[in-house]
Amino acid sequence: MSDTLQTSSADEPLSPGQLLVDRFRLKRRIAQGGMGVVYEAFDEKLGRRIALKSALRGYDGHLSPEVLLATEVSHPNICKIYEIHPAQTPLGPLDFFTMEFLEGLTLSQRLQQGKIDRQDAEAIARDLCAGLAEAHRHDIIHGDMKGANVILTRKPDGTQCAVITDFGLARAARGSGIRGGSPGYMAPELYAGEPTTVASDIYALGVILHELVTGVRPDQAAAMAAATVTQAPSESTVPPGRGQRPGAARQAAPTRVRGSRWNPIIGKCLEADPKQRYATVEQIRMALGPSVARRRLLILAGAVALSAVAALATYWRSTAPEQSVRLDVSEVAGSPQLAARVRERMAQLKSSRLIGFSLDSTHATHRLSASVTPKSGKLRLHALLSDLHSGAPVTEWAADYEPGQMRYAPVALSGVVSSTFHLAPLTTYSIVNAAARAAYQQGIALLPNDRKLDEALGAFQSAASLDPDSALPLVGLAEVERRKDFLTDQHSWADKATASWQQAELRNPDSAEVHRIAGLLEYDRNRPDVAVAHMRRATELQPSNSDGFRRLGQLYERAGQFPEALQAYSKAQSIVPGDARIYGNLAYIYRQRSNFAEATKALQRAVELAPDRPSYRSLLAAAYQDQGRFKEAEATLRAVLAKERSAETLLALGQVLMYENRDKEAAGLLSEAAKLPDQSAFLWLCLGLANQRTGNAAEARTAFQKGLAVAERQVVQLPRNGYYHATLAYFCAQTGQPGRAAVEAAQAVQLAPHHNDTLWLAALAYERTGDRATALKTLDSAPASLLEDMRRWPEASALTGDPGFAQLLPIQSGH
């Protein structure tokens, strides 16, 4: 079917059953707003369910160009926009974009069913804060925050998640302002003709918070009150301003709910003067306090902030001006014995240089409440640490104990307190006894070697049976199980890792080892802020432990925070200069910053320290390749192959030979790699090119088709990975799908505009389809190292010989 579409009505240019751009099959209309209509659709190329939005008539068939901004944002609480497409209809050009399909009610629909309970309301509020804060961090303003633009969906684990949708009015925070929004959610200044800002988004968020608490918007509450009582004008009522549109409603005072700690938060969001509102959404999220216990997680005070240290400093300044915490533990229920043991353990906690700590029920600043209730044959211990001055919860935690494990509860509760206030924790259950020590140390020694994970697993299992009270062997088990999940397709290992961590945590949640594995597992769950907070606590508890700083560096690295990662790795290196893993980590950072000389030095040191680890030699070869040192790269890889012929190493050597136009040799190595497990899309790409160069057209087509299938699966599994989209774009270009290649390449660059490999493949995809202008534009901001690499790659010879490419080099080289 062509891109010329039949229309279903004068206002709605699309109809169910139609196929757009030979790819998107419309299923049904699911929503309509002021400017556009949303459909459920099916992506027949990638085999996934999506949502699709098109402009309504009256908007010239075009969605706001600022929708492009929203494609830059990737966050669990923001509906991901995949791609933007043009199409032709009998009524003229039409713009539409595709986005992830979210199953669930809108917040407005849910509110119509009745009031939302406190715990769910708090979870929704925190989700909205997290998503809107992420948009603002990208300098993007939503412009139309309202309940109808929030979907309450479910995560894979079944828990509820609030997702912000419809960035139809989105704009750059520093760009020219647009004016708009929805009545009832619009800030007073918008009625006066002012542009949308961060402050107006915060006002709209305040209206939503008001709905979560009261069930209605402030203007609806005022209208209901006016229908029954004679009401004097509120002090917060704003008279119509200059340029106010006819019929604009005056600002209504928020309804105060007796006993609600949200009253001052909502009031500040809804201030008439934008300067009096919160400056950032992060401030609102911190004012709301930490989340209710979810999946037995110990939420660290400060984990909700972008920087754990900054958040804790704010916490200390705002709640403990005298640097003093006086804790009341009188509300520990369950049994008198438990309460007595909790008080005994709490009394053992000592003051730190930042916090003066004591037990004091008479002049308490904070209270620890704990209860024990039966749950499915177990006993659920639930703890809440509250600030008595503000009434806000500081930390909430829960764990399910076997009846015989309740002896661990007092230490666990003391860990909740010590972790929150950064006190020295109790060491109970954070050491191993003499009987288990040898097995535990054996497991630790084996853990870094992936080839000996089964031996490490057995050692930790032995240690856990010899010392069932200690948290440490359980942490070791979780480390091995998490690694095996990464290395295999058996996803049951992830569940085992979580179970082992939970068992360690219920014994002692505030030990460095427990925090380290918690940080890794929380990152796996896409909770980077919480992960970093856990890992920082681990380094605080064990400042001389290099592994904590190395893991902290990994978390920063995966989040793209390379300066912070480099600092953490350098700290780990200063503690243990002989750990090869640290040099491997440092090399990755240097390569990402195009400092190949330093990357080479780091990897040479890693090879020297761990000569039996072939992965470091392969990485060293890659660093040589980055610099065009192909002979050294070849020699290094052949030394690895002499000991082990893995697909990864065969691919690496094949690519080096292809740089040197030794394609027949390369094709032989790559064909061997294709017969081994773990064939990557890039392997098929190189094999296809090697066969193409040597005139084996049929073999080349087969390789490209196989690579296309792998790339499509990767995009479905990780739709927000720019490199995967770039890989798919290249295979589409090679298999005669130029239109699709262009779409995928554009999406790749939007998702990862500074990732070298993504730009490399996207540019080659455009070049393959004959669109050299866009290929050159893709490389406009590429670093000099990438441009030099492209000059060495034979497939890019025509592109790099273009005068336009030559113009990029002086700019990138700084001449």
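For the structure, see preceding data.
Residues numbered from 1 in each chain as written. Predicted model: local features only at pLDDT ≥ 70, side-chain atom pairs only at ≥ 80, totals over all residues. Heavy atoms only, no water.

## Some remarks on the pattern of salt bridges
For side chains of opposite charge, pairing can occur when their charged atoms come near one another. Basically, it comes down to this: For this analysis, a salt bridge means a side-chain nitrogen from Lys or Arg found within 4 Å of a carboxyl oxygen belonging to Asp or Glu. The helix and strand labels rest on DSSP assignments: H or I over at least four residues marks a helix, E over at least two residues marks a strand, and numbering proceeds from the N terminus. Burial classes follow relative accessibility: with a 1.4 Å probe on protein chains only, a residue under 20% of its type's maximum area counts as buried, one over 50% as exposed, and anything between as partly exposed.
Tallied over the entire structure, the rule returns 45 salt bridges. A salt bridge links Arg483 to Asp450; the shortest N-O distance between them is 2.7 Å. Of this pair, Arg483 sits in helix H14 (residues 472–487) while Asp450 sits in the loop between helix H12 (434–446) and helix H13 (453–466), and the two are 33 residues apart along the sequence. Linking Arg693 and Glu795 is a salt bridge whose minimum nitrogen-to-oxygen distance equals 2.4 Å. Separated by 102 residues along the polypeptide, Arg693 in helix H26 (residues 681–693) and Glu795 in the loop between helix H32 (784–792) and helix H33 (797–800) bring together distant segments of the chain. What makes Glu795 partly exposed here is its relative accessible area of 25%. Each of Glu479, Asp547, Arg550, Arg551, Asp579 and Arg581 takes part in salt bridges that share partners, so that together they form one network.

## Some points on the environment of Gly17
Heads up, the rule is: Here, two residues are considered to be in contact whenever any of their heavy atoms come within 4.5 Å of each other.
Residue position: Gly17 is located in the segment before strand S1 (19–20). Along the chain, Gly17 and Arg28 lie 11 residues apart, while their C-alpha atoms are 8.0 Å from each other. Apart from the residues lying within four places of it in its own chain, the contact partners of Gly17 are Arg25 and Leu26.

## Some points on the side chain of His725
As for its position among the elements, His725 is in helix H28 (residues 722–734). By relative accessible area, which is 0% here, His725 ends up buried. Leave out the neighbours within four places in its chain, and His725 touches Val715, Pro719, Glu744, Gln747, Ala748 and Leu751.

## Observations regarding the environment of Gly476
Position of Gly476 relative to the elements: it lies in helix H14. For Gly476, a relative accessible area of 5% puts it in the buried group. Along the sequence, Gly476 and Glu513 sit 37 residues apart, while their C-alpha atoms lie 8.7 Å from each other.

## Details of the sheet that holds strand S15 (residues 378–387)
Which entries qualify depends on this criterion: One requirement defines pairing of two strands: DSSP has to find at least two bridges between them. Where helices are involved, their axes are fitted lines through C-alpha atoms of the stretch in contact, as for all axes, and angles between N-to-C directions lie from 0 to 180°.
Strands sit in the order S13-S12-S14-S15-S16 across an open sheet of five strands; the sheet is mixed. Each end of this open sheet is capped by a strand with a single partner; those strands are strand S13 (356–359) and strand S16 (393–401). Adjacent strand axes in the sheet meet at a mean angle of 20° when their direction is disregarded. In this structure, strand S14 (residues 366–375) lies alongside S15, joined through 10 bridges in antiparallel fashion.

## A few points about unusual backbone geometry
Look at Val21: it is not a glycine, yet its phi comes out positive at around 40°. Among the secondary structure elements, Val21 is positioned in the loop between S1 and strand S2 (24–32). Residue classification places Val21 among the partly exposed residues on the basis of a relative accessible area of 21%. Of note in the backbone geometry, His422 takes a positive phi value of approximately 60° without being a glycine. Within the element layout of this structure, His422 appears in the loop between helix H11 (409–421) and H12.

## As for the nonpolar core
Selection criterion: In this description, a nonpolar core means a group of buried Ala, Val, Leu, Ile, Met, Phe, Trp, Tyr and Cys residues linked to one another through side-chain atoms lying within 4.5 Å.
Counting residues in hydrophobic clusters, the biggest one holds 124 residues, and the most contacted among them are Met658, Leu670, Phe731, Trp760, Leu779 and Met790. Among the elements that line this core, the one with the most residues is H26, at nine residues. Beyond its immediate sequence surroundings of up to four residues, Trp760 is in contact with Tyr659, Phe682, Leu786, Asp789, Met790 and Trp793. Counting 38 residues, the second largest nonpolar core, distinct from the first, contains Cys129, Tyr191, Tyr203 and Ile284.

## Digging into the packing of aromatic side chains
Rules: Planes of paired rings set the category: under 30 degrees apart is stacked, over 60 is edge-to-face and the rest tilted, where pairs are Phe, Tyr or Trp rings (Trp by its six-membered ring) whose centres lie within 6.5 Å. In this scheme, the term charge over a ring applies when either NZ of a lysine or CZ of an arginine sits within 6 Å of the ring centre and within 35 degrees of the ring normal.
Applying the stated criterion across every chain, the model contains eight aromatic pairs. Measuring from centroid to centroid gives 5.0 Å for Tyr408 and Tyr429, while their planes differ by 85°, and the two rings are edge-to-face. Of this pair, Tyr408 sits in the loop between S16 and H11 while Tyr429 sits in the loop between H11 and H12, and the two are 21 residues apart along the sequence. Their ring planes at 50° and their centres at 6.2 Å tell us that Tyr723 and Tyr724 sit as a pair that is tilted. Tyr723 gets classed as partly exposed once you look at its relative accessible area, which sits at 23%. Ring-pair connections join several aromatic residues into one group, and the members of that group are Phe630, Tyr659, Trp760 and Trp793. Over the ring of Tyr278 we find Lys268; its NZ or CZ atom is 5.4 Å from the centre of that ring. The ring centre of Phe549 lies 5.8 Å from the NZ or CZ of Lys571, which sits over that ring.

## As for the state of the cysteines
Here is the rule we go by: Note on terminology: pairs of cysteine sulfur atoms within 2.5 Å are recorded as disulfides.
Counting across every chain of the model gives zero disulfides. Here Cys129 is not cross-linked by a disulfide; its sulfur's nearest cysteine counterpart is in Cys269, at 7.6 Å. Judged by its relative accessible area of 0%, Cys129 falls in the buried class.

## Examining the pairing of S15
Linking S14 to S15, which pair antiparallel, is a turn of two residues; within it Ser376 sits at a positive phi near 50°. Pairing geometry for S15 and S16, over eight bridges, is antiparallel. Bridging from a neighbouring strand, Arg380 pairs with Asp400 of S16.

## Examining H28
To keep it simple, the criterion reads: Helix span, as expected, comes to 1.5 Å for every residue beyond the first.
If you check H28, its first and last C-alpha atoms are 19 Å apart, about what 13 residues at 1.5 Å a residue would give, namely 18 Å. With 11 of 13 residues buried, H28 lies mostly within the body of the structure. The inward-facing, buried residues of H28 abut H26, helix H27 (697–717), helix H29 (738–751) and helix H30 (756–768). Positive phi shows up at Gly736, right after H28, with a value of about 75°.

Geometry only, nothing functional implied.
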